[in-house]
Amino acid sequence: MMRNTETFDRAVTEPGTPARSFGAPSRQATVAAVLIGLAVILSFIHSQWRGYGEAVAHAERDTRNTAELLAVSAARTFEGIALTLRAVGRLRNDAARGIYRSQDSIYVHLRTLHGGSPIMDEIGWFDAYGVRAATSAMVDPLRTSAANEEFFRVHREGRSAADLHVSVPIVLPEVDERRIPVSLRLENLDGSFAGVAMGTIDPKQFTRVHRSLDLGSQHTTILVRRDGIVLAWMPDGDAFPGRSIAGGALARDHLPRAAHGSYHASADSEGPSRIGSYASIAGTGGSLAIGVSVPRAEALADFWRDLAFGSLLVGFALAILSVGTYLLVAGLQRRERLQAELATATETANDARAEAETARAAAETANRAKSEFLARMSHELRTPLNAVIGFAQILELDHTRTLAQRQKEYSQHIHEAGDHLLKLVNEVLDLAGVESGRLSVSLERVDVAEALAGIVDIMTPVAVKADVTLICDPAPAGLKVRADVQRLRQVLINLVGNAIKYNHPGGFVTLSAMTCSGGRLRLAVADTGRGIPAERRAHLFEPFHRLGAEYTAVEGTGLGLALAKRLVEAMDGAIDYESETELGSTFWVELGRDVAEAVRPGAVDGSPSTATASSTELRKVGPARRVYQPERAVRAIAGD
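These lines cover the structure that appears in this document, whether it is placed above or below. (Residues numbered from 1 in each chain as written. Predicted model: local features only at pLDDT ≥ 70, side-chain atom pairs only at ≥ 80, totals over all residues. Heavy atoms only, no water.)

Focus on the pairing of strand β18 (residues 584-592)
Which entries qualify depends on this criterion: Classification of residues uses two cut-offs on accessible area relative to the type maximum, computed with a 1.4 Å probe and protein chains only: under 20% is buried, over 50% is exposed, and between them is partly exposed. Secondary structure elements follow DSSP: runs of H or I of four or more residues count as helices, runs of E of two or more count as strands, with numbering from the N terminus. Pairing between strands is defined by DSSP: at least two bridges between the two strands are required.
In terms of burial, β18 is a largely internal element, eight of the nine residues being buried. Taken together, the seven bridges between strand β16 (residues 520-527) and β18 define a ladder with antiparallel strand orientation. Bridge pairing in β18 places Arg520 opposite Gly592. In this structure, strand β17 (residues 574-580) lies alongside β18, joined through seven bridges in antiparallel fashion. Across the sheet, the residue bridging to Tyr577 is Phe587, located in β18. A loop of three residues connects β17 with β18, the two strands running antiparallel in sequence, and Glu582 in this loop sits at a positive phi of about 70°.

Here it is, written out as structure tokens:
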């Protein structure tokens with residue numbers, strides 16, 4: 001704003017000088033609002049993308065744990081089946097040696113073994129030619145041949161006697177139900193093929209295990225072979241046994257590559273898109289696996305709900321930001337139009353003093369109109385901002401405890417942005433009031449010691465939080481200055497606040513008072529911060545200039561020093577500074593001493609009334625310097 005005011009003044013006093021509109025306040029406000037909006041949107045997108053990844057990872061972790069649990073249970077089941085079939089093999093060997101003289105004895109022993117393995121429907125064996133030799137289902141088995149069945153061919157062609165083979169489910173015509181054949185190779189003493197021990201399992205046995213875990217109706221569990229043949233599908237145990245899913249994502253892309261893992265299946269004829277995991281079953285030679293999956297919509301239900309709520313909050317915040325920006329930009333554009341019109345008028349009347357006077361009066365009228373407009377708009381700007389801050393605070397309190405942590409963080413961001421924008425509006429209005437001449441100051445006698453002590457009391461918590469030591473050199477009692485109490489406090493708080501903000505942890509800020517020539521008094525604020533670069537000092541008291549601090553984490557609006565300068569000048573005072581890079585800065589305010597003040601013995605103009613060591617001397621001495629600190633400041637710094 002200050003730069004544009006100087007450009008306008010040059011346009012008035014130097015006809016023909018074009019005003020640059022690149023840095024116009026309306027454009028700055030618009031760009032700032034757009035950048036803030038983009039930052040909010042990008043931050044929201046980033047957080048939601050991260051939340052999406054976390055939801056997917058949670059679904060994968062949940063299904064992976066369930067698959068591993070079911071795989072362990074299935075491994076124990078097949079281990080028991082293998083033990084039973086090995087017992088059948090020993091029974092066959094005993095029968096071959098003539099231990100059992102009748103088929104009835106073999107049947108009784110098979111029934112006994114079958115009773116020890118309730119998960120199997122039937123057990124028995126086939127001889128080396130594929131003819132059924134014995135079964136637990138009947139005393140005299142039907143002499144049917146299984147020479148062409150999968151389980152018989154696999155064992156006859158050389159499968160190890162230790163490997164359990166699980167065949168494609170078959171249909172039992174007598175009950176019209178599917179059964180899963182499981183078998184072991186039988187060998188003679190010389191290792192030659194002697195037949196096959198076989199039993200059958202009802203796929204519903206695995207469905208019962210699925211239901212016992214209470215996974216819910218949306219979870220699907222599948223018992224599948226490596227070649228994609230489905231053995232059991234839970235919870236619907238009768239729909240899929242014997243079908244092939246070799247073309248699906250699980251059998252095609254994952255089972256051949258790893259013993260366990262996670263997978264994502266797209267929507268197909270068998271159901272919606274799903275997120276799942278699988279695990280191989282130990283003891284089956286890697287031929288069987290358990291897969292567990294859940295619909296993607298269910299796994300991401302909480303994420304979509306959070307996304308909808310967060311979108312509403314962000315949309316509300318952006319709407320408030322848009323309204324506030326529109327009102328602010330409208331006022332600034334009106335001012336800019338008035339300045340442009342005035343500049344055009346003055347360029348056509350440069351050689352006429354009367355016309356120049358008229359143009360200057362018009363400029364002052366425009367400036368007053370701007371200030372009056374901003375003052376009238378203050379209520380229109382502050383009311384929605386206070387509403388935003390209030391609703392954000394209500395959301396942060398979360399009395400109903402319905403907000404997630406991320407939603408509370410969104411509310412905090414809205415609160416902080418609202419506070420920052422309200423502070424900016426207040427400072428702009430104060431600056432506009434000074435420029436328009438509407439600012440009234442009431443000069444009175446102000447006790448310097450009390451004023452400095454009050455500043456220490458106010459700013460000590462800020463200094464403690466920033467790990468900065470706040471020191472106040474003692475001012476003699478009775479030393480008074482002519483100033484407006486409220487405006488002087490506002491200026492000193494700004495200077496001390498800047499000294500703390502731009503300091504470093506462990507640094508020092510010193511307040512002091514000293515007399516100057518001409519009956520004036522100097523109030524100084526010295527810090528041990530990084531100082532002000534020489535190339536940027538020309539813009540120090542210009543509004544919206546932060547001298548590079550806008551690229552750091554230090555908050556600010558760039559209006560504090562500009563406003564302080566105008567307040568001090570309104571009190572017939574002056575403000576200036578000295579600074580050394582990386583050593584610190586000293587800002588001082590010079591005001592007139594109260595004429596009724598009695599001259600203290602030993603104090604003359606031009607000599608300091610207190611310790612008058614400059615900020616450079618303080619920095620050279622460092623923390624070892626013995627400095628008097630008022631009792632109130634000591635108690636505040638110590639946290640008393």
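Considerations on the pattern of salt bridges
The criterion, for reference: A pairing counts as a salt bridge when a side-chain nitrogen of Lys or Arg comes within 4 Å of a carboxyl oxygen of Asp or Glu.
One pass over the structure, following the stated rule, counts 13 salt bridges. The closest approach of N and O atoms between Asp121 and Arg179, which form a salt bridge, is 2.3 Å. You can see Asp121 sitting in strand β1 (residues 120-127) and its partner Arg179 sitting in strand β5 (residues 177-187), a full 58 residues away along the chain. In this structure Asp121 comes out as partly exposed when scored by relative accessible area, which is 32%. Classification of Arg179 by relative accessible area gives buried; the value is 8%. For Arg522, the salt bridge goes to Glu590, with nearest N and O atoms at 2.5 Å. Taken as a pair, Arg522 in strand β16 and Glu590 in strand β18 lie far apart in primary sequence, 68 residues in all. Owing to a relative accessible area of 16%, Glu590 belongs among the buried residues under this scheme. Salt bridges linked by common partners bring Asp121, Arg179 and Asp202 together as one network.

Comments concerning the sheet that holds β16
What counts here: Throughout, an axis means a line fitted to C-alpha atoms (over the contacting stretch in the case of helices), and angles, computed between N-to-C directions, take values from 0 to 180 degrees. Two residues form a contact once any of their heavy atoms are found within 4.5 Å.
One open sheet holds the five strands; their spatial order is β13-β15-β16-β18-β17, and the pairing between them is mixed. Only two strands of the sheet have a single partner each, and these edge strands are β13 (469-472) and β17. Adjacent strand axes in the sheet meet at a mean angle of 20° when their direction is disregarded. Helix α11 (residues 448-465) rests against β13, β15 (508-516) and β16 of the sheet, and its axis sits at about 175° to β13.

Let's talk about the side chain of Ser136
Relative to the elements of secondary structure, Ser136 occurs in the loop between β2 (132-135) and α4 (150-156). For Ser136, a relative accessible area of 1% gives the class buried. Those residues in contact with Ser136 that sit more than four places away from it in its chain are Tyr107, Leu110, Arg111, His114, Glu122 and Ile123.

Quick notes on helix α3 (residues 103-115)
A turn of α-helix holds 3.6 residues, and therefore any two residues three or four places apart point the same way. Formally: One fewer than the residue count of a helix, multiplied by 1.5 Å, yields its expected span. In this description, the arc belongs to the directions extending from the helix axis to the C-beta atoms.
Over its 13 residues, α3 runs 18 Å from end to end, which matches the ideal 18 Å to within 8%, given 1.5 Å per residue. For α3, the full list of buried residues reads Ile106, Leu110 and His114. One face of α3 carries all of its buried residues, which in axial projection span an arc of 75°. Within α3, the exposed residues directed more than 90 degrees away from the buried face are Thr112 and Gly115.

Description of the packing of aromatic side chains
Basically, it comes down to this: A pair of aromatic rings is counted whenever rings of Phe, Tyr or Trp (Trp by its six-membered ring) have centres within 6.5 Å, and the orientation is called stacked for planes under 30 degrees apart, edge-to-face for over 60 and tilted otherwise.
Under the counting rule described, the total for this entry stands at six aromatic pairs. Seen in terms of ring centroids, Tyr52 and Phe303 are 5.5 Å apart; in terms of plane orientation they differ by 70°. Their pairing is edge-to-face. Of this pair, Tyr52 sits in helix α2 (residues 25-96) while Phe303 sits in helix α8 (residues 301-347), and the two are 251 residues apart along the sequence. Classification of Tyr52 by relative accessible area gives partly exposed; the value is 24%. Ring geometry for Phe152 against Phe193: centres 5.5 Å apart, planes inclined by 80°, an arrangement best described as edge-to-face. You can see Phe152 sitting in helix α4 and its partner Phe193 sitting in strand β6 (residues 193-201), a full 41 residues away along the chain. The exposure classification of Phe152 matches that of Phe193, with both residues buried.

Some thoughts on empty space enclosed by the protein
Stated precisely, the cut-off is as follows: Note on definitions: the grid is 1 Å and covers protein atoms alone; a cavity is a set of points where a 1.4 Å probe fits but cannot get out; a pocket is an open set with protein on both sides within 12 Å along at least five of seven lines; lining residues have an atom within 4 Å of a point. Grid points are joined across faces, edges and corners, and a volume is the space filled by probe spheres set on the points. Residue polarity follows a fixed list, in which Ala, Val, Leu, Ile, Met, Phe, Trp, Tyr, Cys and Pro are nonpolar, Asp, Glu, Lys and Arg are charged, and the others, Gly among them, are polar.
Considering all chains together, one arrives at three cavities of 30 Å³ or more under this definition. Here the largest cavity is characterised by a volume of approximately 50 Å³. Along the walls of the largest cavity sit Glu122, Ile123, Gly124, Trp125, Phe126, Arg132, Ala134, Thr135, Met198, Gly199 and Thr200, which together make up its complete lining. Those elements giving two or more residues to the lining of the largest cavity turn out to be β1, β2 and β6. With five residues, β1 is the largest single contributor of residues to the lining of the largest cavity. Taken together, the residues of the lining of the largest cavity break down into five nonpolar, four polar and two charged.

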